Protein chains: 2
Amino acid sequence: MNEDLTSPGNTPHSLPSRRRLHMTDIARLAGVSASTVSRALNGSPLISDETRIRIAELARSLNYTVHTAARNLRSGNNRTIAVVVPYQTPTRQHISDPFFLGMLGSLADSLTDQGYDMLLSRVDAEHLVEAAQLYESGRVAGIILIGQWHHHDQLNELAVKNIPLAVWGALLPRQLYCTVGSDNLEGGKLATGHLLESGRRRIAFFGDIAFPEVAQRYQGYLQAHQQFGLQPPSELLVKTPFLAAGVREIVTYLLIHKHGFDAVFACSDLLAMTVISTLGKHGLAIPHDVAVVGYDDIALSEYFPPSLSTVRQPLEKGGQMLVNILLQQLAGTQRPQSVVLPTQLIVRESSQLD
Amino acid sequence: MNEDLTSPGNTPHSLPSRRRLHMTDIARLAGVSASTVSRALNGSPLISDETRIRIAELARSLNYTVHTAARNLRSGNNRTIAVVVPYQTPTRQHISDPFFLGMLGSLADSLTDQGYDMLLSRVDAEHLVEAAQLYESGRVAGIILIGQWHHHDQLNELAVKNIPLAVWGALLPRQLYCTVGSDNLEGGKLATGHLLESGRRRIAFFGDIAFPEVAQRYQGYLQAHQQFGLQPPSELLVKTPFLAAGVREIVTYLLIHKHGFDAVFACSDLLAMTVISTLGKHGLAIPHDVAVVGYDDIALSEYFPPSLSTVRQPLEKGGQMLVNILLQQLAGTQRPQSVVLPTQLIVRESSQLD
DNA sequence: ATGCAGATTGCAATCGATTGCATAATTAGG
DNA sequence: CCTAATTATGCAATCGATTGCAATCTGCAT
């Protein structure tokens with residue numbers, strides 16, 4: 001029971017630094033075989049409770065942890081999930097949207113709760129298929145992708161390869177992969193309806209409808225107008241670039257060319273904040289001259305001056321559902337249903353009635 | 001050369017779904033042994049160029065990837081690094097500071113460049129030592145920790161265990177682990193000096209000096225005052241809570257109790273924004289009544305109204321250095337030097353002279 | 001033709017765990 | 001006291017790659 005693990009041992013040229021603990025070491029100290037230790041630690045019913053407890057305590061006291069690669073190799077069970085965040089090729093810039101951080105945090109928690117590790121990986125948005133390698137090399141058991149962008153086809157390709165996959169994004173027709181997302185149509189309707197009810201009539205839509213999620217929010221924007229018997233003028237659909245600097249120019253352009261608007265529905269809070277900042281520079285008062293509604297409800301929105309009205313996406317729930325849906329794929333054979341989560345309109349100062 | 005890989009093969013009860021490709025499959029198709037394939041793919045000089053190229057192309061065309069767990073097990077080389085983000089026990093709340101996202105992005109890029117995978121892991125800040133398991137189970141080759149907080153002792157414990165470790169934070173006395181961080185003292189001096197030069201004399205310091213990084217910035221704040229022959233009043237050292245809501249109350253309390261101040265140095269941009277927002281609610285004008293300087297220079301700072309003066313931390317460089325320092329530990333035996341990166345004062349509207 | 005150096009390639013052991021099957025220990029029944 | 005049934009444990013093969021050493025091949029000089 002008191003053997004010295006730091007003694008030379010098998011290796012002829014033993015190093016001064018102590019060797020990592022192996023299962024056979026535990027076995028020797030417990031006076032059993034490695035098989036028994038393995039079964040005890042994995043809770044096999046073949047092992048008596050007394051032995052199981054004795055081994056478990058021994059392992060804990062020695063701070064022993066099973067070697068993950070070995071277990072993975074032999075058992076074929078991999079408890080790692082890749083979370084893939086695509087980046088845009090030209091800029092390769094970092095995602096700076098706090099919404100992503102929130103999602104990452106939520107995913108990290110959910111995965112940990114389920115006993116999974118999270119491998120964070122950035123891949124070129126133009127070559128999403130490369131993410132397949134993470135799965136095909138046995139590196140991970142499945143993939144969660146944040147940022148559907150306009151890569152519907154590539155995602156379908158991944159799904160065809162039978163790779164367990166869950167995507168945060170919009171539900172699209174002829175979609176072979178599973179998505180979790182907020183109800184973008186409803187969100188767009190809520191935001192726009194709120195602005196219309198406040199009496200605004202020239203509402204600019206800021207966002208790039210090449211992205212499915214944004215396109216659906218735009219549909220909501222259109223439907224809300226229809227319900228009021230209105231038809232929004234096309235020049236108020238403003239395609240925004242990724243970079244905040246570009247957004248400034250766009251806003252300035254609109255103002256100079258007198259494409260007057262009395263409200264803005266921006267498809268992310270970050271975008272809304274940039275717009276507000278720029279409008280302020282041009283001497284316009286928010287919400288008096290222009291009312292603004294964003295999307296996401298990031299933490300800062302409440303503390304931005306003026307506090308930002310927005311459509312809240314259920315972040316916590318979203319992360320949980322992504323993990324759930326992925327684990328369902330790992331467990332069963334049938335593909336689970338995609339999930340559309342409800343959104344909520346949060347009215348704050350930036351769109352308050354005067 | 002045209003054998004059918006989807007045919008039953010070795011397994012008697014072969015499944016309909018096609019089996020994962022093995023190195024032996026590549027070997028068979030190339031008419032060589034698995035050893036040769038392994039060496040070819042790993043660029044061993046024992047293999048002739050012609051064979052190497054032929055095998056490499058075959059592998060690529062079949063979309064073959066080496067099984068990571070098997071390689072890891074046999075070769076002992078693990079190309080995964082854990083990035084650990086501690087969370088505070090009581091709230092278990094997500095980090096919402098965009099600075100973290102920036103750091104994660106930078107780390108992800110640097111690690112990818114060096115051919116490493118990134119395992120993102122949240123651990124209880126009170127039990128940081130648990131992070132050791134990631135290393136001891138062979139899960140990762142080393143650990144990068146973001147958020148030193150006040151867990152100096154726990155980090156030293158990890159270092160004693162000889163775990164390759166790099167920490168984003170402050171350089172402290174009797175420190176056994178390596179840190180990378182910005183020059184907090186200098187940063188604090190820069191920000192405070194700038195405010196003093198602008199003629200401000202009652203500068204409130206917002207932050208919790210229980211955290212080493214914040215304490216150093218506070219030292220810089222004090223030194224700047226000394227250089228002006230001034231002594232800041234103690235009631236202007238404001239210990240801030242984590243939650244933004246709490247910050248509002250604090251600011252309100254200060255104003256009610258007439259602890260007058262004409263400037264604020266906040267130890268993060270997010271904090272500065274909350275303070276500005278609250279001061280605005282109380283009818284104070286920024287920077288006319290109160291000048292504000294933050295810390296970090298997150299992306300939004302430029303677009304916040306008023307745009308935020310701040311001390312920029314070199315994020316990109318920080319991530320790179322963290323990775324470098326960790327890889328140095330993996331390569332050599334001696335512990336590399338900790339790194340202190342220069343900071344830069346960015347003056348914007350929130351502290352501009354009237 | 002033979003021998004030999006140098007360049008390639010294959011054989012088989014190995015990494016650290018898991019697991020099917022055989023064996024040992026225990027208990028119960030006759 | 002012996003045998004069968006039951007329970008607990010150990011043996012040895014295995015997961016998919018890597019690598020030391022032996023074997024083969026090639027070309028060239030003898």
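Rules behind the numbers
- Throughout this description, residue numbers start from 1 for each chain and increase along the sequence as written.
- As they are written, the chains are lettered A onward and the ligands numbered 1 onward, keeping that order.
- For a predicted model such as this one, the threshold for reporting local features is a pLDDT of at least 70, and the threshold for listing and counting side-chain atom pairs is 80 or more; totals across whole chains, interfaces and linings nevertheless cover every residue.
- The side-chain figures draw on all heavy atoms in the structure; neither hydrogens nor water molecules are used.
- Partly exposed describes any residue whose relative accessible area lies between the buried limit of under 20% and the exposed limit of over 50%, with all areas from a 1.4 Å probe on protein chains only and scaled to the type maximum.
- Working definition: helices are DSSP H or I runs of at least four residues, strands are E runs of at least two. Numbering for both runs from the N terminus.
- We call two strands paired when DSSP finds no fewer than two bridges between them.
- Whether two residues touch is decided by their heavy atoms; if any such pair falls within 4.5 Å, the residues are in contact.
- Buried area adds together the accessible area that both of two parts lose upon being put together, with accessible area traced by a 1.4 Å probe.
- Whenever a carboxyl oxygen of Asp or Glu lies within 4 Å of a side-chain nitrogen of Lys or Arg, that contact is scored as a salt bridge.
- Polar contacts here mean pairs of N or O atoms no more than 3.5 Å apart (in protein, one a potential hydrogen donor and the other a potential acceptor; neighbouring residues in sequence count only if both atoms are side-chain atoms).
- The nonpolar class holds Ala, Val, Leu, Ile, Met, Phe, Trp, Tyr, Cys and Pro. Asp, Glu, Lys and Arg form the charged class, and all remaining residues, Gly among them, are polar.
- Being near a molecule or strand, for a residue, means having at least one of its heavy atoms within 4 Å of it.
- With strands facing away from the observer, any crossover in which the path from the first strand over the helix to the second runs clockwise is taken as right-handed.
- Axis definition: a line fitted to C-alpha atoms, limited for helices to the stretch in contact. Angles are taken between N-to-C directions and run from 0 to 180 degrees.

### Topic: the pairing of strand 2 (residues 117-124) of chain A
Within a regular strand, the side chains alternate between the two sheet faces. Counting buried positions along strand 2 of chain A gives seven out of eight residues, so the element sits mostly inside the fold. Relative to strand 2 (residues 117-124) of chain B, strand 2 of chain A is paired through three bridges, and the arrangement is antiparallel. Each residue of the ladder has a partner; that of L120(A), found in strand 2 of chain B, is M118(B).

### Thoughts on the interface of chain A and chain B
Contacts between the two partners involve 54 residues from chain A and, on the opposite side, 54 residues from chain B. With both chains or domains summed, chain A and chain B bury close to 4,900 Å², and 55% of this area falls on carbon and sulfur atoms. Connecting chain A to chain B are six salt bridges. Linking chain A with chain B are 18 residue pairs in polar contact (both at pLDDT 80 or more). Mapped onto the side of chain A that touches chain B, the elements with two or more residues apiece are helix 4 (68-75), helix 5 (98-113), strand 2, helix 6 (132-136), helix 10 (244-256) and helix 11 (269-281) of chain A. By residue number, the principal contributor to the side of chain A that touches chain B is helix 5 of chain A, which donates 10 residues. For the side of chain A that touches chain B, the residue count by class is 23 nonpolar, 16 polar and 15 charged.

### Side note on the protein's contact with DNA strand C
Surveying the vicinity of DNA strand C reveals 24 residues, the closest of which are M23(A), S38(A), T36(B), R39(B) and R74(B). Sugar and phosphate atoms form 59% of the subset of DNA strand C atoms that lie within 4 Å of the protein. A distance of 3.5 Å separates a base oxygen of DNA strand C from a polar side-chain atom of R39(A). Elements with a contribution of two residues or more to the surface near DNA strand C: helix 2 (34-41) and helix 4 of chain A together with helix 2 (34-41) and helix 4 (68-75) of chain B. Considering each element in turn, the surface near DNA strand C owes the most residues, four residues, to helix 4 of chain A. Class assignment of the residues belonging to the surface near DNA strand C gives a composition of seven nonpolar, 12 polar and five charged.

### Here we look at the sheet that holds strand 6 (residues 203-206) of chain A
The strands that make up a sheet are held in pairs by hydrogen bonds between backbone atoms, and each pair lies either parallel or antiparallel. Residue and element names in this part refer to chain A. Strand order in this open sheet of six strands is 7-6-8-9-10-12, and the pairing throughout is mixed. At either margin of the open sheet sits one strand with a lone partner, and together these are strand 7 (237-238) and strand 12 (344-346). One ladder, built from three bridges, connects strand 10 (residues 309-312) with strand 12; its direction is antiparallel. Bridge pairing links R312 to Q344 in strand 12.

### What about the pairing of strand 8 (residues 263-266) of chain A?
Residues and elements named next belong to chain A. Burial of the side chains of strand 8 extends over both faces: A263 and F265 are buried on one face and V264 and A266 on the other. Of the strand pairs in this sheet, strand 6 and strand 8 are connected by four bridges, and their pairing is parallel. The partner of A204 across the bridge, within strand 8, is V264. As defined by bridge partners, strand 8 adjoins strand 9 (residues 291-296) across three bridges and the pair is classed as parallel. If you follow V264 over to strand 9, its bridge partner there is V292. Following the backbone out of strand 8, through helix 11 and into the adjacent parallel strand 9, one traces a crossover that is right-handed.

### Looking at the sheet that holds strand 4 (residues 165-168) of chain A
If you walk across this open sheet you meet the 12 strands as 11(A)-5(A)-4(A)-3(A)-1(A)-2(A)-2(B)-1(B)-3(B)-4(B)-5(B)-11(B), and the pairing is mixed. Of all the strands in the sheet, the pair left with one neighbour each is strand 11 (339-341) of chain A together with strand 11 (339-341) of chain B. Adjacent strand axes in the sheet meet at a mean angle of 20°, parallel and antiparallel pairs treated alike. Relative to strand 2 of chain B, strand 1 (residues 80-87) of chain B runs parallel, the two being bridged by eight bridges. For A82(B), the partnering residue across the bridge sits in strand 2 of chain B and is L119(B). Lying on the sheet, helix 12 (residues 315-331) of chain B is in contact with strand 1, strand 3 (142-146), strand 4 (165-168), strand 5 (178-182) and strand 11 of chain B; it crosses strand 4 of chain B at an angle near 160°.

### Observations regarding the environment of L236(A)
Residues and elements named next belong to chain A. With respect to the helices and strands, L236 occurs in the loop between helix 9 (212-227) and strand 7. Classification of L236 as buried rests on a relative accessible area of 0%. Spatially, the C-alpha atom of L236 lies 31 Å from that of G318, the residues being 82 residues apart in sequence. Not counting residues up to four positions away in its chain, the partners in contact with L236 are R202, I203, A204, F205, Y221, H259, G260 and F261.

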